[in-house]
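Spelled out, the chains give:
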Amino acid sequence: MESLNEYVERYKGIINDHLNNYILSYTTPGRLRESMLYSINAGGKRLRPILVIATLEAFEIDPKKGIPVACALEMIHTYSLIHDDLPAMDNDDLRRGQPTNHKQFDDATAILAGDALLTLSFQVITEADTLSNEEKVFLVNELSKASGPSGMVDGQMRDMLSENEWITLRKLEAIHNSKTGQLLKFAILSGAYLGKVSEESMQAVTEMASALGLIFQIQDDILDVIGDSDAIGKPIGSDEDNKKSTYPQLLGLEGAINQKKHYVDVAQKSLEKTGIQHTVLSELIDYLSNRDC
Ligand code: GRG
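None of the values given here were measured: they were computed from a predicted structure.

A word on the nonpolar core. Ranked by internal contacts, the top residues of the largest apolar core, which has 69 residues, are L212 and I215. Other than its neighbours up to four places away in sequence, I215 contacts K260, Y263, V264, A267, I285, L288 and S289.

All right, on to the site of the ligand then. Residues in contact with the ligand amount to 15 residues; listed here are only the nearest, G44, K45, S80, H83 and Q156. Mapped by element, the contributors of at least two residues to the shell around the ligand are α4 (67–85), α8 (152–161) and α9 (169–194). Considering each element in turn, the shell around the ligand owes the most residues, four residues, to α4. Split into classes, the residues belonging to the shell around the ligand amount to five nonpolar, five polar and five charged.

Further remarks concern the confidence of the model for the protein chain. Looking at the protein chain, the pLDDT average stands at 93 and 94% of residues meet or exceed 70. The ipTM value of the predicted complex is 0.93, and its pTM value is 0.94.

Glancing now at helix α11 (residues 247–273). Structural remark: α-helix, 3.6 residues per turn; residues separated by three or four positions point the same way. Counted at 1.5 Å a residue, the expected span for α11 with its 27 residues is 39 Å, but the 28 Å between its end C-alpha atoms falls short. The sharpest bend along α11 comes to roughly 95 degrees, located at L253. Packing partners of the buried residues in α11 comprise α10 (199–227) and α12 (279–290). Note on α11: the residue one or two positions beyond its end, G275, has a positive phi of about 75 degrees.

Here is what the cut-offs are and how they apply
- Residues numbered from 1 in each chain as written.
- Predicted model: local features only at pLDDT ≥ 70, side-chain atom pairs only at ≥ 80, totals over all residues.
- Core = buried A, V, L, I, M, F, W, Y, C linked by C-beta atoms within 7 Å.
- Buried ≥ 20, exposed ≤ 12 C-beta atoms within 10 Å, placed from the backbone.
- Contact = placed C-beta atoms within 7 Å.
- Near = placed C-beta within 6 Å.
- Helix = DSSP H or I, 4+ residues; strand = E, 2+ residues; numbered from the N terminus.
- Nonpolar A, V, L, I, M, F, W, Y, C, P; charged D, E, K, R; others polar.
- pLDDT = per-residue confidence, 0-100.
- Expected span 1.5 Å × (residues − 1).
- Bend = angle between axes of the 7 residues up to and from the residue.

This is how it looks when you write it as structure tokens:
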């Protein structure tokens, strides 16, 4: 039987091929295309597309149907990372161990590569021959909500505004829900929508997707602390790397781990409520909870 790692690697390959084909077919040769390809091929884990595919398979739908939406989602994720790294935002020189897009090219090119990936994502959905017109409108609408001013962009703004201050756990979760949770949620909900699941299953899958977003973020914070064990208890804003509230800062490392376990439990129980027999989604919950990068 195929292991989770083999499954992830198999679909990573398929997603990577499609992402490259979309960019090569929809752009003209030149600097913008090179810059888009640079970040698309910089070694992302492809978690979001794999969640789309795994959800479709869980509901016994041909994963091919989900390829355009899976790639569109990864394009939006990649754009967000390119813009997040810019000097006006996080000002990072490295991403995934390689120079960030603006370091490899320049700020203007990085802004345009992000813009281009964002808009291309919608084109990829609207031109998909695996989707009906009704599905296209629904998916573009949901993806806009998840990524735009009622989702990720709003979360990024609120995250920036809360820099250098202690915030409540409630506010922290609301920010993460918008900034990173909405795209992860979209991955699962778009798969469930294309799988035409019952209202009851949709409710359960929505609960699972919300919990998954928080598991992802808590683990992200835990990984940061493991990389900088002095971070817990340091006053927010005391140095460049310590500008934002995190779960371990608010709850302690042990508390953050317990909070994550609570959400893993919520996610697994919600998945059980759908009654589906597909283990990959369940394994992906544990994988996201225990990921080490
Ligand atoms: C600039 C509009 C705009 C939004 C940026 C998502 C985001 C908002 C910024 C990313 C900042 C960040 C590092 C958040 C932590 C969680 C996160 C999204 C990590 C990266 O996601 P992975 O682990 O990345 O899926 P890979 O590299 O595997 O693609």
